Amino acid sequence: MPPRKKQKTERSMSKQDALCPATSNGSVTKATIIARPRKGHLQTLPDIALEIQSEIYSYLGSKDLWNLSRTCKRFRTFFLDRRMNERLWKQARVNTGGLPKCPPFMSEPSFIHLLFSSCCQRCGCSNVHKAIWRWFVRYCSKCLREMTYNYYEMQAYLEQRNIRYPFRDIFTRDYHRVLNVKSYSIGNLKSRIHNLVLREHLTKIIDEWQARKAEILKNVWAFVSEKETLNSKHIRYAMQCKAWYNAQEDVRLAKLDAAREARFAEIVRRLRDSEWEKEIDFLGPAGLESMSALPFVRQAAKLTPKAWQTVLGLLEPVLQDARQKRLVSERRNLLNNRFDALGQAIQAHYVRLPRTATMEFRPHYIDFALMADFKLLLDAPDAENITAEDFSQLIPAVVPKWETEQREKLSSFMKEVLPGPVAEGVDVLDLAVASLDTIELEPFHVPDPYLTRKAVKQACIVMEALGYEPLRTTVADLKGCDVRLRCLCCRYLPAEMAYTWETALGHAVRYADGPTHEKWERIDGAARELVSQLEAEVDAHPLSPNRHGYEAIIWCCSLCLNFDGRGVEMEDHLRTVHNLTDVAQCVRDKTIYEHPYKSVKHPVRLLETPAQAM
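Residues numbered from 1 in each chain as written. Predicted model: local features only at pLDDT ≥ 70, side-chain atom pairs only at ≥ 80, totals over all residues. Heavy atoms only, no water.

1. Looking at unusual backbone geometry
Test applied: We count a stretch as a helix when DSSP gives it H or I for four or more residues in a row; a strand needs E for two or more, and each element gets its number in order from the N terminus. Three exposure classes are used, based on accessible area relative to the maximum for each residue type with a 1.4 Å probe and protein chains only: buried under 20%, partly exposed in between, and exposed over 50%.
In the segment running from L353 into P354, the intervening peptide bond is cis, with an omega of 0°. Inspection of the secondary structure puts P354 in the loop between α15 (305–350) and α16 (365–369). Look at S183: it is not a glycine, yet its phi comes out positive at around 55°. Along the chain, S183 falls in the loop between α10 (175–178) and β2 (197–198). Even without a glycine there, the phi angle at K590 is positive, about 65°. As for its position among the elements, K590 is in the loop between α24 (583–588) and β8 (592–594). Judged by relative accessible area, which is 56%, K590 ranks as exposed.

Structure follows, in structure tokens:
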């Protein structure tokens, strides 16, 4: 309901009486209120002498005159009078600078209106930013539809005007030469985007044809060339106007971008000054760029206090989400640091200098992470500083139990996948066929019995080719094995390979899930001597890049706790850190050794085929 009217009181009546004094006959007269003009208004400017006005206007630019002409009828009449003020518009063009040349078929005021106005020239609706420069008009989408013809509509209009040969043929094949066509295309004749012509222009051409029909029929193509030349001149002016408009648009967009960047920088500054500083740092450049693209942020308007409160309210869900992700990330980083500390504690327990290959077989941090005592330290509050020393106190008590459990699991698993019972007095884990890379109990991972069974089968074939019993021979029994094998299933390779027992097992296991490599033969005679020579060359230059499988070999430094590297890296390490240059001697005395499970052992590449060697 509307509010109730206030009842007049004596006090209010007395104020009204004071403003409206009574006359001699007692009636009350209304006081005359004289409106004082506010400063800055121009309603008295047209009353000034014309000489003074002309002097004032001579300092204005084209857009200023155009704005003045739209303020009132008197200004409009004054500035659009060609006889009086043509020189004013020309002087304004000089003052503005950079404007395109005014076409001879347009007046200065109409051309300035086309350049600076954003209203449709037919219906007057606003926000029509793009003009159709080839026609020198500015239409909204609705008026453009009403003021133009496409190809088929033009043909219908020609039929309506009863236009016949030869002029009809011109508008069928060469209409783009006579008319100024927008988006000319041989196809898309039904489109309302391509092949548009201005109705007014078409009507004017037809009227001219009918008025000069007798003259034009004498030389039709001269008329076509005349119109084509006129259209070319119009297009030259249009290209200048379009280039000017694009330059102005670039400036306008640059100012808008600068205003948006300044507004966003102010938003970020205010967020940092509030409770969201950590979230802003967490988002980083990529997150801030995504935030700047939000519609309520990407604005050029000034950030008023009211606008700031609106933006802050709309950004709160984004910032809350960033806060949750930040907390999760901080917790993850903290856990990673504690996992690294646990790994360092495990390494400190297992590794001593000089380091050996046996020390590389040690538990991962995840093997202990889920144990109750370790989990308690890992889940400690963020404020507590958990170091490797805290884990080192727990490791000695759990290592024996963990190693026993792992041996039992591996032994049980291997007994299931072996093709028969193990020889009496032999530990199943000491067997050579149990030393395959695929047989490893990783955290939360059990080896695939099917794949492992195939790998063991391939390894048994290799052991038989070497002349050993697979279920009795241990790794220690093969240390002095001098037999070399070649794989008869790899004849397609560009060079023959000579395999030791280790590389032969690795080769068989590598193809366990694919085509079987069950055919092996011993290398004897001259070929065996060649293998010995090649192996001697490899041993003389163990870190040479020319060695077969060089990139797959990872070397460990026994003088460092955790340095591993490939050939060139290890050679630089030995020279710069330990001042050792004889790499071959370092290999012989075990100063460096191949990583037991990260390196892929490769065979020796034969330089001759077996037939040639024999």
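2. What to know about the pattern of salt bridges
Selection rule: Salt bridges are defined as contacts in which a side-chain nitrogen from Lys or Arg sits within 4 Å of a carboxyl oxygen from Asp or Glu.
Counted according to the given criterion, the structure contains 35 salt bridges. In this structure, R269 and D273 form a salt bridge, with 2.9 Å as the shortest nitrogen-oxygen distance. Of this pair, R269 and D273 both sit in helix α13 (residues 220–273), four residues apart, roughly one helical turn. Looking at D273, the relative accessible area reads 56%, which means it is exposed. Members of the salt-bridge network, linked through shared partners, are E275, E279, R323, R326 and E330.

3. With respect to the packing of α13 against helix α14 (residues 277–292)
Which entries qualify depends on this criterion: Simply put, an axis is a line fit to the C-alpha atoms, just over the touching stretch for a helix, and the angle between two N-to-C directions goes from 0 to 180 degrees. Between 65 and 115 degrees an angle is taken as roughly perpendicular, under 35 as roughly parallel, over 145 as roughly antiparallel, and anywhere else as oblique. Crossing handedness is read from the near helix: turned anticlockwise from the far helix by less than a right angle, it gives a left-handed crossing, and turned clockwise, a right-handed one. Contact criterion: two residues are considered in contact whenever any of their non-hydrogen atoms come within 4.5 Å of each other. In this classification, the charged set is Asp, Glu, Lys and Arg, the nonpolar set is Ala, Val, Leu, Ile, Met, Phe, Trp, Tyr, Cys and Pro, and all remaining amino acids, among them Gly, are polar.
Orientation of α13 relative to α14, taken along the N-to-C sense of each, is 160°, at an axis distance of 11 Å. Taken together, the axes of α13 and α14 lie roughly antiparallel to each other. Every pair of crossing elements has a handedness; the one defined by α13 and α14 is right-handed. Contacts between α13 and α14 pair F264, V268, L271 and R272 from the former with E277, I280, D281, L288, M291 and S292 from the latter. Residue composition of the contact of α13 with α14, grouped by class: six nonpolar, one polar and three charged.

4. Some words on the environment of E289
Counting through the fold element by element, E289 comes out in helix α14. For E289, a relative accessible area of 57% corresponds to the exposed category. Sequence-wise, E289 and F264 are 25 residues apart; in three dimensions their C-alpha atoms are separated by 10.0 Å.

5. Quick notes on the sheet that holds strand β6 (residues 555–557)
The condition that has to hold: The pairing criterion for strands is at least two bridges between them, as found by DSSP.
Spatially, three strands are ordered β7-β6-β8 in an open sheet, and the strand pairing comes out antiparallel. Both outer strands of the open sheet, β7 (564–565) and β8, are each paired with one neighbouring strand and no more. Contacts from helix α23 (residues 567–577) reach β6, β7 and β8, with the element oriented near 15° to β6.

6. Looking at the layout of surface pockets
What counts, and what does not: Here a cavity denotes a set of grid points, spaced 1 Å apart and computed over the protein atoms alone, in which a 1.4 Å probe fits but from which it cannot get out, and a pocket denotes an open set meeting protein on both sides within 12 Å along at least five of seven lines; residues with an atom within 4 Å of a point are reported as lining. Grid points are joined across faces, edges and corners, and a volume is the space filled by probe spheres set on the points.
The space that makes up the second largest pocket amounts to roughly 490 Å³. For the second largest pocket, the lining is made up of 18 residues, of which W135, L198, H201, K204 and H234 are closest to its centre. Those elements that provide at least two residues to the lining of the second largest pocket are α11 (199–211) and α13. Partitioned by chemical class, the residues of the lining of the second largest pocket number nine nonpolar, four polar and five charged.

7. Details of α23
Operational definition: Our arc is simply the arc of the directions from the helix axis toward the C-beta atoms.
Taken residue by residue, α23 has G567, M570, H573 and L574 as its buried positions. For α23, the buried positions fall inside an angular range of 130° around the axis, keeping them on one side. Elements in contact with the buried residues of α23: β6, β7, α24 and β8. N579 occupies a position one or two residues after α23 and carries a positive phi of about 60°.

8. What about α11?
Let me state the cut-off plainly: Helix span is expected to be 1.5 Å times the residue number reduced by one.
The first and last C-alpha atoms of α11 sit 18 Å apart over 13 residues, in line with the 18 Å expected at 1.5 Å per residue. Of all the residues in α11, the buried ones are L202, I205, I206, E208 and W209. When α11 is viewed along its axis, its buried side chains cluster within an angular range of 160° and face the same direction. In α11, those exposed residues whose orientation departs by more than 90 degrees from the buried face are K204 and A211.

9. So, the side chain of R338
For clarity, the cut-off: Under the counting rule used here, the positive set is Lys and Arg, the negative set is Asp and Glu, and His together with the chain ends is not counted. Here a polar contact is taken to be a pair of N or O atoms separated by no more than 3.5 Å, where protein atoms must pair a possible hydrogen donor with a possible acceptor and residues adjacent in sequence count only if both atoms sit in side chains.
For R338, the position within the fold is in helix α15. Summary of buried charges: R338 has no salt-bridge partner, and the nearest side chain of opposite charge, D382, is 5.1 Å away. Of note is the side chain of R338, whose polar atom sits 3.0 Å from the backbone oxygen of P381. Here R338 is in contact with R331, L377, L378, D379, A380, P381, D382, E384, I386 and F391, once residues within four sequence places are set aside.

This is a description of form; function is not addressed.
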